[in-house]
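Structural overview for review
Spelled out from the first residue to the last, the chains are:
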2 protein chains.
Amino acid sequence: MSEQKNRKHNRPIPKAPRGFKDVTTDIYRSRTHIIKNISAVYEKYGFDFLETSAIETVESLGKFLPDTDRPNEGVFAWKDDDETWLALRYDHTAPLARFYAENINSLPNPFRRYSYGPVWRNEKPGPDRFRQFYQMDADTVGSKQIGSDAEMCMMLCDSLGSIGIHYNEYRLRINNRKILSGIVEKAKITDKEHPEEAEDLFFNICRVIDKLDRLGIEAVKKLLGPGREDKSGDFTRGLNLCPSQIDFFSALLTKKDSRTNFFSDLRAVLKGSSKGNEGLDELEKMADIFLAEGYSESVFSFDPTVVRGLGYYTGPVYEVELNRKMIDRRGKEYAIGSIAGGGRYDGLVRRFTGQDVPATGISIGIDRLLAISKIEGKIKQSNRGPIIVTVMDKERYEDYQKIVSMLRKGGLRAEIFLGNPKDLGRQLKYADQRESPFAIIQGSLEAEKGTVQVKDLILGSKFAQKIDTNDEWKEHPSQFEVNLLDLVEVIKSRIEV
Amino acid sequence: MSEQKNRKHNRPIPKAPRGFKDVTTDIYRSRTHIIKNISAVYEKYGFDFLETSAIETVESLGKFLPDTDRPNEGVFAWKDDDETWLALRYDHTAPLARFYAENINSLPNPFRRYSYGPVWRNEKPGPDRFRQFYQMDADTVGSKQIGSDAEMCMMLCDSLGSIGIHYNEYRLRINNRKILSGIVEKAKITDKEHPEEAEDLFFNICRVIDKLDRLGIEAVKKLLGPGREDKSGDFTRGLNLCPSQIDFFSALLTKKDSRTNFFSDLRAVLKGSSKGNEGLDELEKMADIFLAEGYSESVFSFDPTVVRGLGYYTGPVYEVELNRKMIDRRGKEYAIGSIAGGGRYDGLVRRFTGQDVPATGISIGIDRLLAISKIEGKIKQSNRGPIIVTVMDKERYEDYQKIVSMLRKGGLRAEIFLGNPKDLGRQLKYADQRESPFAIIQGSLEAEKGTVQVKDLILGSKFAQKIDTNDEWKEHPSQFEVNLLDLVEVIKSRIEV
């Protein structure tokens, strides 16, 4: 209770913590709409819902985040009473691997689940960079079939379609980590003597390439080489590759025609690398399935610069980018970035079980979809404020309560005005703020007669805006008296007009 | 990547942390059903959804938990990079107070919101005691009308009704913190010289009384007095009240007829305490509203032992208890405890703003409702497994993929078998595990003819169980051949049978 005691001198500041925000009704309704539609697609594809606990042991989460230079490794973590380190999940995939390993003997094989909910990243917050965000995932654990990767890509397209984002509005860019491995092999970077160091170096190269879109090729070359100083003067250490290796990467990453001649170009570069060619074979098989299924070639493209930041991917990786730029509130153009993506991660369950368990999955960034639908008005908000029963006479509270009950029992959304009822103006202002369709007024005169006054607030605001009304509306004045017994029917008929 | 390197010698244990669990499909479907129904009630009463961020500053959450003896104060907390202490929310009410104070100027007044989602408590986990649980709240901030408290109680009844828990199955026990204040005042415990210490003592007495149901009157008397040693030998310090004061409480708390003669008995005890009588007046008004609204007197009862553990309540408090005991898996009877409750907390927003802001709200414990519905089968699970398209010939993957697509486009839930297709038995076992209604089989013979074999797995399992089949079923064998073009229609007609 110490806060209460000191409240006069030392009040807490009412503010969500840095990098966190609240979800209001409008956003919630859009989110619910998105979740409902995408869930229906995931379910239709045969996936069942699973929600893991928000908290995992740090040991079981592993450290697969793109940015692990920071001491706290990008997660929110703390020590439990029994000295175990706990952390909030940073995605839905690492907890799935833990769940699968924990329940391996009782689960169907393959195991197909979807999930949605918040994930948390302990990153530096920015104006559009939050530390809690909402992801919607689907994964197939236990299948090494490349068809399961192809299916994920098609399901991603169908999911976006289900919320009104169509083929011509985005591109699905696809790559394979095995191709990246092949490129690293051909660049003669890998050290056969120290395979573990080579693995670390490979993931570090992936992380650098992942920054290409954001930082550009010159920055990436510096990060592959001696290092880079950013605008703020912070220096990031580089990977110290030699200039010829850097040139090899840079030539591959900046090829203008890499998309159209993807397979022939890369077959040439990767000649002799069995891993690299395996990666190319897989992508060709995926392309066959897409075309057989009738997915247009303009939807997906293959691109050797697609990396996906997370460290656990081992095979095909892909991400969805919107074709056009967005316009922010100040009229400035900006790229919305990747709104979804995924890939194959065959090693994640092996961490627990010691056995190979192939797995593949996708993740859709719900907050970015919400940002788009908010800006573009893709999801229509219906007027859904409650009917307000005003309080004219405090002593007759039970009468007003009865009117509210009657409306609710009639299937209508309604509430009694619960603030200070001293003037009607304040009550009607409240009804306006709630976007109420009707206000109900009953003074002592009406109470005696068993009637109420109904104020049609939508019609009223149309009159106020001097909008031309046609004959039909003339028969519907914005305020009228009605017998209590007819109230529900009259309001329902008005809502349907 | 260090985990990956050491995996052979030092694998992480795949287990949810102590006190956490995962939500599987069945539970999720029941939970979705409960949320949908109760949301509809909350919305009908005029409440709009709001979801605050999962993380708050410790300062803004305050310390209102029942059990604050532990050093970490019952929450999961850690220090942010900028030295701010952050914590996971322990309920939905404290974050609402922060949100309201932060947005006070733009919100309608009163502000009516509902919310649902997980909350986290850093408590000692037990077999049925988890550290993450799901609550569904509704609150009205800005109304001091006792009608808003009465409304909460009625909405609680309607919410339970919406998920099939009826009046005769529970009791809503109601008290008022002001009555408890009056009792403390009459017991001559309060110290006019040190009002802050008196406030602390009052909350400590509330916390002790709150344990009455769980520990019994003798333990409560010890905790009001010198202290108590529990079975494990742990000693809890008492409040050191003098014997006459303890007797005064114990007489009140154990009155057998306290419910029927609640008002007359307490008017006598509280004579001269203005606060105590104010509390009684409020409860009488609530009773009037309930009766006017037609809520049966058998549903609610007034009871001076109802406290609610949380430290922020200031007025009416109430909780819902099921009438009958539950039976666990081993056939043992147990009390499910309070499944919902709430109360008035006029001081919670004042912590931030320095101004009085009246508020009242309810919270429904979704996990306990799920436990009931699971045990009692109140929520029927529909068979919703996907149709499985088996893989007979790996080379014809695209053909099977086309069959799956056709089923999905026809509105059916379907998937291709993505595991190792080497034998059909394994694929049909998988279909069983997924509770699939049908398996589709296409060998090269059928492929040539443009047909498939359909296995009706539900019918098949009925045959296997040797259940008598009537004539109608004889016309529907459990496996049959069908032209690909008719597949969707045939399956749909079977599902409708």
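Residues numbered from 1 in each chain as written. Chains lettered and ligands numbered in written order. Predicted model: local features only at pLDDT ≥ 70, side-chain atom pairs only at ≥ 80, totals over all residues. Heavy atoms only, no water.

**Things to note about the overall build of chain A**
The number of helices and strands found in chain A is 20 helices and 20 strands. Here chain A, with 497 residues, has 55% of them falling under the buried criterion. Intrachain contacts of chain A at a sequence separation of at least 6 include 70% that bridge at least 24 residues. (Helix = DSSP H or I, 4+ residues; strand = E, 2+ residues; numbered from the N terminus. Buried < 20%, exposed > 50% of the residue type's maximum accessible area, 1.4 Å probe, protein only. Contact = heavy atoms within 4.5 Å.)

**Details of the pairing of strand β15 (residues 359-365) of chain B**
All names here are of chain B. Counting buried positions along β15 yields 7 of 7 residues, so the element is predominantly enclosed. Neither face of β15 is open: one carries Ala359, Gly361, Ser363 and Gly365, the other Thr360, Ile362 and Ile364, and all of them are buried. Here 7 bridges tie strand β6 (residues 132-141) to β15, and the two strands are oriented antiparallel to one another. In the sheet register, Asp139 faces β15, and the bridge partner there is Gly361. As defined by bridge partners, strand β14 (residues 338-344) adjoins β15 across 5 bridges and the pair is classed as antiparallel. Counterpart to Ala340 in the pairing with β15 is Ile364. (Pairing = 2+ DSSP bridges.)

**Thoughts on the environment of Val75 of chain B**
On the secondary structure map, Val75 of chain B appears in the loop between α3 (58-61) and β3 (77-79). Spatially, the C-alpha atom of Val75 of chain B lies 30 Å from that of Lys144 of chain B, the residues being 69 residues apart in sequence.

**What to know about the pairing of strand β6 (residues 132-141) of chain A**
Residues and elements named next belong to chain A. Burial analysis of β6 places 10 of its 10 residues in the buried class, which makes it a mostly covered element. Where strand β5 (residues 111-120) meets β6, 10 bridges bridge the pair, whose relative direction is antiparallel. In the sheet register, Trp120 faces β6, and the bridge partner there is Gln132.

**Quick word on the sheet that holds strand β2 (residues 55-57) of chain B**
All names here are of chain B. The 3 strands lie next to each other as β2-β4-β3, forming an open sheet whose pairing is antiparallel. Edge positions in the sheet fall to β2 and β3, since each of these pairs with one other strand and no more. Recorded for the sheet is a direction-independent mean angle of 30° between the axes of neighbouring strands. In the sheet, β3 pairs with strand β4 (residues 85-88) via 3 bridges, with the strands oriented antiparallel. Looking at the pairing, Trp78 lines up with Leu86 of β4. (Axes fitted to C-alpha atoms, helices over the stretch in contact; angles between N-to-C directions.)

**Concerning the pattern of salt bridges**
Taken as a whole, this structure holds 64 salt bridges over all chains when the rule is applied. As a salt-bridge pair, Arg129 of chain A and Glu123 of chain A come within 3.5 Å of each other at their nearest N and O atoms. Among the salt bridges present, the one from Arg173 of chain B reaches Glu321 of chain B, with a minimum N-O distance of 2.9 Å. Here Glu321 of chain B lies in strand β11 (residues 316-322) and Arg173 of chain B lies in strand β7 (residues 170-176), a separation of 148 residues in the sequence. Note on accessibility: Arg173 of chain B and Glu321 of chain B belong to one class, buried. (Salt bridge = Lys/Arg side-chain N within 4 Å of Asp/Glu carboxyl O.)

**A look at unusual backbone geometry**
All names here are of chain A. Each neighbour pair has its own omega, and for Asn109 with Pro110 the value is 5°, a cis peptide bond. Residue position: Pro110 is located in the loop between α4 (93-102) and β5. One non-glycine residue, Glu83, lies in positive phi territory at about 75°. With respect to the helices and strands, Glu83 occurs in the loop between β3 (77-79) and β4 (85-88).

**Section: the domain arrangement of chain A**
In terms of domain boundaries, chain A breaks down into domain 1 (25-376) and domain 2 (387-496). The C-alpha-based centres of domain 1 of chain A and domain 2 of chain A are spaced at 53 Å. (Domains from an automatic or database assignment.)

**Section: helix α9 (residues 217-224) of chain A**
Ala219, Val220, Leu223 and Leu224 of chain A are the residues of α9 of chain A that are buried. All buried residues of α9 of chain A lie within an arc of 135° about the axis, which places them on one face of the element. (Arc of directions from axis to C-beta.)

**What to know about the relation of the copies chain B and chain A**
Between the two copies, chain B and chain A, the superposition gives an RMSD of 0.1 Å; the rotation angle is 180° and the shift along the axis is 0.0 Å. Here the two chains are linked by the operation of a two-fold rotation axis. Of every C-alpha in chain B, the one belonging to Trp78 of chain B sits nearest the axis of rotation, 3.0 Å from it. (Least-squares fit on C-alpha atoms with pLDDT ≥ 70 in both.)

**Topic: the nonpolar core**
The biggest cluster of nonpolar side chains holds 100 residues, and the ones touching the most others in it are Tyr42, Ile174, Phe249 and Leu369 of chain A together with Leu407 and Ile440 of chain B. Apart from residues no more than four positions distant in its own chain, Phe249 of chain A is found in contact with Ile183, Val184, Ala187, Ile189, Ile205, Ile209, Leu224 and Leu241 of chain A. Within the second largest apolar cluster, 99 residues are counted, among which are Ala414 of chain A together with Tyr114, Leu156 and Leu252 of chain B. (Core = buried A, V, L, I, M, F, W, Y, C linked by side-chain atoms within 4.5 Å.)

**Some points on the interface of chain B and chain A**
Taken together, the 112 residues of chain B in the interface contact 111 residues of chain A. Buried area between chain B and chain A, summed over both chains or domains, comes out near 10000 Å², and the portion from carbon and sulfur atoms is 50%. In this assembly, chain B and chain A are joined by 20 salt bridges. When the shortest N-O distance is used, the salt bridge between Glu51 of chain A and Arg31 of chain B registers 2.8 Å. Between chain B and chain A we count 48 residue pairs in polar contact (both at pLDDT 80 or more) in total. The residue makeup of the side of chain B that touches chain A, split by class, is 42 nonpolar, 29 polar and 41 charged. (Buried area = accessible area lost by both parts, 1.4 Å probe. Polar contact = N/O pair within 3.5 Å; in protein donor to acceptor, adjacent residues only side chain to side chain. Nonpolar A, V, L, I, M, F, W, Y, C, P; charged D, E, K, R; others polar.)

**Some points on the packing of aromatic side chains**
For the structure shown, the criterion picks out 42 aromatic pairs over all chains. An aromatic cluster is defined as three or more aromatic residues linked by ring pairs; in this entry it consists of Phe20, Phe76 and Trp78 of chain A together with Phe20, Phe76 and Trp78 of chain B. For the cation-ring pair, Lys21 of chain A lies above Phe130 of chain A, with the distance from its terminal atom to the ring centre recorded as 4.1 Å. (Phe/Tyr/Trp six-rings, centres within 6.5 Å; stacked < 30°, edge-to-face > 60°. Lys NZ or Arg CZ within 6 Å of the ring centre and 35° of its normal.)

**Considering the packing of helix α11 (residues 262-269) of chain A against helix α12 (residues 274-292) of chain A**
Residue and element names in this part refer to chain A. Interhelical geometry of α11 versus α12 gives an angle of 165° and a closest axis separation of 10 Å. On the basis of their axis angle, the class for α11 and α12 is roughly antiparallel. Seen from above, α11 lies across α12 with left-handed handedness. Facing α11, whose interface residues are Phe262, Phe263, Leu266 and Arg267, α12 presents Asn277, Leu280, Asp281, Leu283 and Glu284. Its residues assigned to classes, the contact of α11 with α12 shows 5 nonpolar, 1 polar and 3 charged. (Parallel < 35°, antiparallel > 145°, perpendicular 65-115°, else oblique. Left-handed = near helix turned anticlockwise from the far one by under 90°.)

**Focus on the environment of Ala138 of chain B**
All names here are of chain B. Counting through the fold element by element, Ala138 comes out in strand β6. Looking at Ala138, the relative accessible area reads 0%, which means it is buried. The spacing of Ala138 and Met154 is 16 residues in sequence and 12 Å in space, taken between C-alpha atoms. Those residues in contact with Ala138 that sit more than four places away from it in its chain are Tyr42, Phe47, Arg113, Tyr114, Met152, Met155, Thr360, Gly361 and Ile362.

**Concerning the packing of helix α2 (residues 25-44) of chain B against helix α5 (residues 146-162) of chain B**
Residues and elements named next belong to chain B. Running from N to C, α2 and α5 cross one another at 145°; their axes reach a closest spacing of 8 Å. The way α2 lies across α5 gives a crossing that is right-handed. Only Met155, Asp158, Ser159 and Ser162 of α5 make contact with α2, whose side of the interface consists of Asn37, Ile38, Val41 and Tyr42.

**Comments concerning the confidence of the model for chain A**
When pLDDT drops low, the exact placement of atoms in the prediction is not to be read closely. Residue and element names in this part refer to chain A. The share of residues in chain A with pLDDT of 70 or more is 88%, and the mean pLDDT across the chain is 86. Of the regions scoring below 50 in pLDDT, residues 1-7 engages in 18 contacts with residues more than four places distant in sequence or in other chains. The ipTM for the predicted assembly is 0.87, set against a pTM of 0.88. (pLDDT = per-residue confidence, 0-100.)

**Points about the state of the cysteines**
Tallying each qualifying case throughout the model produces 0 disulfides over all chains. With no disulfide of its own, Cys206 of chain A lies closest to Cys153 of chain A among cysteine sulfurs, the gap being 18 Å. (Disulfide = S-S within 2.5 Å.)

**Observations regarding α4 of chain A**
Residue and element names in this part refer to chain A. When you tally the buried positions in α4, you get 9 out of 10 residues, the bulk of the element. Listing the buried residues of α4 in full gives Thr93, Ala94, Pro95, Leu96, Ala97, Arg98, Phe99, Tyr100 and Ala101. Buried residues belonging to α4 abut β2 (55-57), α3 (58-61), β5, β6 and α13 (350-353).

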